[in-house]
Amino acid sequence: MYVEDIKKDFYNVIIGKRILLLVNYDIDAICACKILQSLFRCDSIIYTLVPVQGITDLQKTYEDNCEDVKYVVLVNCGGTIDIVDALQPQDDVVFFVVDSHRPTDVCNIYNNGQIRLLSKADDDEGIPEFEEIFQEESDNEEEEEGSNAGSGEEDDIEESRQAKRRRLGEEAILKRRERRLWEEKRDRLMFDYTQFSYYGRSSAVLMFELAWKLSKDNIDLLWWAIVGVTEQVLLGKVENQQYVLETGNLQGHVARLSYHGDIPDDENSTQNKTALKITYDRDLQLALYRHWTVEASLRHSMYSAVKLKLWTLRGEKKLHELLAEMGLPLVQSRQKFGAMDLVLRQEFHSMIAKLAEKYHLDDIVFASFTLQYGFRNRYCAADVVYAVLATLESTGRDRTPADCFLDALDALSRQRKDILEAGIEKAKRMLTCIFKQVQAALDMHQVISAGPFIYLVLQEGTLDAKMFSHPHCITLLAHFALRAYVASSRNRKAPSLPLIASAPHDLDKGTCLIVGIPPTCEDSPKNFFGKAFERAAEKTSARMLPDYFDSSIVQLKIEDRTRFFDALTTLLS
């Protein structure tokens, strides 16, 4: 059921209790977790934090940690599955779910006892009514009526008994027909409700609003909420309109928390310059440019790379023309942004904005948040997202996913600037690998049209293929590859085609990772691939594991991939 008052019905309930905190591996969830940890410290709430990667991991983690725990908080996990059915908890265990994945499972929505949903239902979610999807079984009643019908008076004539039987038989047939029609309607309603997967409000923002209602918010918590929202728009989880509305809401909190009565409002005040502050201003859609070179940032940012077609020789020439027209010598553009001439740094925004229309970079300027503390520490929200993302997915032989998760948590703390800086370096390598992979795929015609969709398959042994065995990296690759294909293709239908990307996942088990993303012409990022993958696996008996909380990402046996794609082609034609 949905919680009406998050402060009274959630936070006041868990104060003084021991909590099991299960958090998904994504940036929004990590930011929400960071805010919750801050609140728990304020009220000395004892909690056990465990990150979970998928449904199987969630079940195992709950089984291992459920002893003596009566309150479980799920962050960006569990909302889309029937929690009671999946975890088989004791009757007195209560689950508080804050999950941005949609659609929410109807069993969780209508469970008035153990499941408490902290997010509100979206206006356009279209949740079916309880009576339309749940019905009490009436088989026992029919049997009783049947047995009562046969126990007439001993002196009833045979014809009367037969008439009663006929009447009851007809009633039973009518009831079965009504039941069948009701089931058909229910299946249709459930299909309509679950056919698309998408994302709702950021969980980090919901947790920040809880902190605000508790009067325990501060500028650090607000920054984490901003990073959570920024991750949603960078990974294409929400449409730009939703991002604009949310940032407008957060801007009000920035103005409220940035005012300090004891600090003089003087631009030359040293105290004011070194204070922790968040600014909301026009920025550029260039990844990590403050921590990189201008040339590298222009080349490896998806927006500028697609608009200038930088994987081609003509695009490379256009990039150098742009830099020349900006009055930015190659020597300056190839050294770190912070080391460039001060005048060039100060005029960089205005220089690129003047030439934006000529080079079709109309949307390169957008509104964003920047955190500054001290003289040197200045981070754009998008830069932090890329850094934390690269940290989260930098697993290796000596680094487990749990280690990466804890490092990603620490990267958000101002006290652990070293981890954030290391994450920025990892993010540069990640974005460079994505660009090179897209360039190679287009040069070698590996982005192939299958009719109703296009697909990109990274074969085993491909350089840096291991990097794309993680959900976020392969999603970024898929978005980049789709936009690059649409920009360079002569196929008029290209903007209306979705893309499926596949990369090796676990070579020992012989599995690959598959992700589907909607076409570029769609304003809404609603994704139909979850249901399509499910149907294709049923038709081909492909060994698919839909274990992720986002149903558009699945694991599949590599040898089943070809016939799985064939089934998808037939299904979507």
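This is a predicted model, so every value here is computed, not measured.

1. What about the confidence of the model for the protein chain?
- Predicted confidence across the protein chain gives a mean pLDDT of 86, with 93% of residues reaching 70 or more.
- Here residues 138-152 is modelled with pLDDT under 50, and outside its nearest four sequence neighbours on either side it reaches five contacts, counting other chains as well.
- Considering only residues more than four positions removed or in separate chains, one finds that residues 260-273, a stretch of pLDDT under 50, has eleven contacts.

2. Points about the pairing of strand β16 (residues 553-557)
- Within β16, four of the five residues are buried, which leaves it mostly tucked inside the rest of the structure.
- Two elements, strand β14 (residues 511-517) and β16, share five bridges in a ladder whose sense is antiparallel. Its bridge partner lying in β16, cysteine 512 is registered against leucine 556.
- As paired strands, strand β15 (residues 544-545) and β16 are joined by two bridges and run antiparallel to one another.

3. Some remarks on the side chain of asparagine 111
- Position of asparagine 111 among the secondary structure elements: in the loop between α5 (106-109) and β6 (115-117).
- Those residues in contact with asparagine 111, other than ones at most four positions away along the chain, are Met1 and Val84.

4. Points about the sheet that holds strand β13 (residues 499-506)
- Pairing within the open sheet is mixed, and its six strands lie in the order β11-β12-β13-β14-β16-β15. In this open sheet, the two strands that pair with only one neighbour each are β11 (447-449) and β15.

5. Concerning the packing of helix α18 (residues 381-392) against helix α19 (residues 401-411)
- Between α18 and α19, the least distance of the axes is 8 Å, while the angle of their chain directions is 160°. The orientation of α18 with respect to α19, classified from their angle, is roughly antiparallel. Note on packing geometry: the crossing formed by α18 with α19 is right-handed. Residues Val388, Thr391 and Leu392 of α18 lie in contact with α19, whose contacting residues are Cys404, Phe405, Asp407, Ala408 and Ala411.
- Of the residues that constitute the contact of α18 with α19, the class distribution is six nonpolar, one polar and one charged.

6. Considering the nonpolar core
- With 141 residues, the main nonpolar core has Phe10, Met207, Trp223 and Phe348 as its most contacted residues.
- Examining the composition of this core, we find that twelve residues originate from one element, helix α20 (residues 417-443), more than from any other.
- With residues near it in sequence (within four places) discarded, phenylalanine 10 still touches Asp5, Leu36, Val73, Phe96, Leu118 and Leu210.
- The next biggest cluster of nonpolar side chains, apart from the first, holds 25 residues, and it includes Tyr2, Leu74, Ile133 and Tyr193.

Cut-offs applied
- Residues numbered from 1 in each chain as written.
- Predicted model: local features only at pLDDT ≥ 70, side-chain atom pairs only at ≥ 80, totals over all residues.
- Heavy atoms only, no water.
- pLDDT = per-residue confidence, 0-100.
- Contact = heavy atoms within 4.5 Å.
- Buried < 20%, exposed > 50% of the residue type's maximum accessible area, 1.4 Å probe, protein only.
- Helix = DSSP H or I, 4+ residues; strand = E, 2+ residues; numbered from the N terminus.
- Pairing = 2+ DSSP bridges.
- Axes fitted to C-alpha atoms, helices over the stretch in contact; angles between N-to-C directions.
- Parallel < 35°, antiparallel > 145°, perpendicular 65-115°, else oblique.
- Left-handed = near helix turned anticlockwise from the far one by under 90°.
- Nonpolar A, V, L, I, M, F, W, Y, C, P; charged D, E, K, R; others polar.
- Core = buried A, V, L, I, M, F, W, Y, C linked by side-chain atoms within 4.5 Å.

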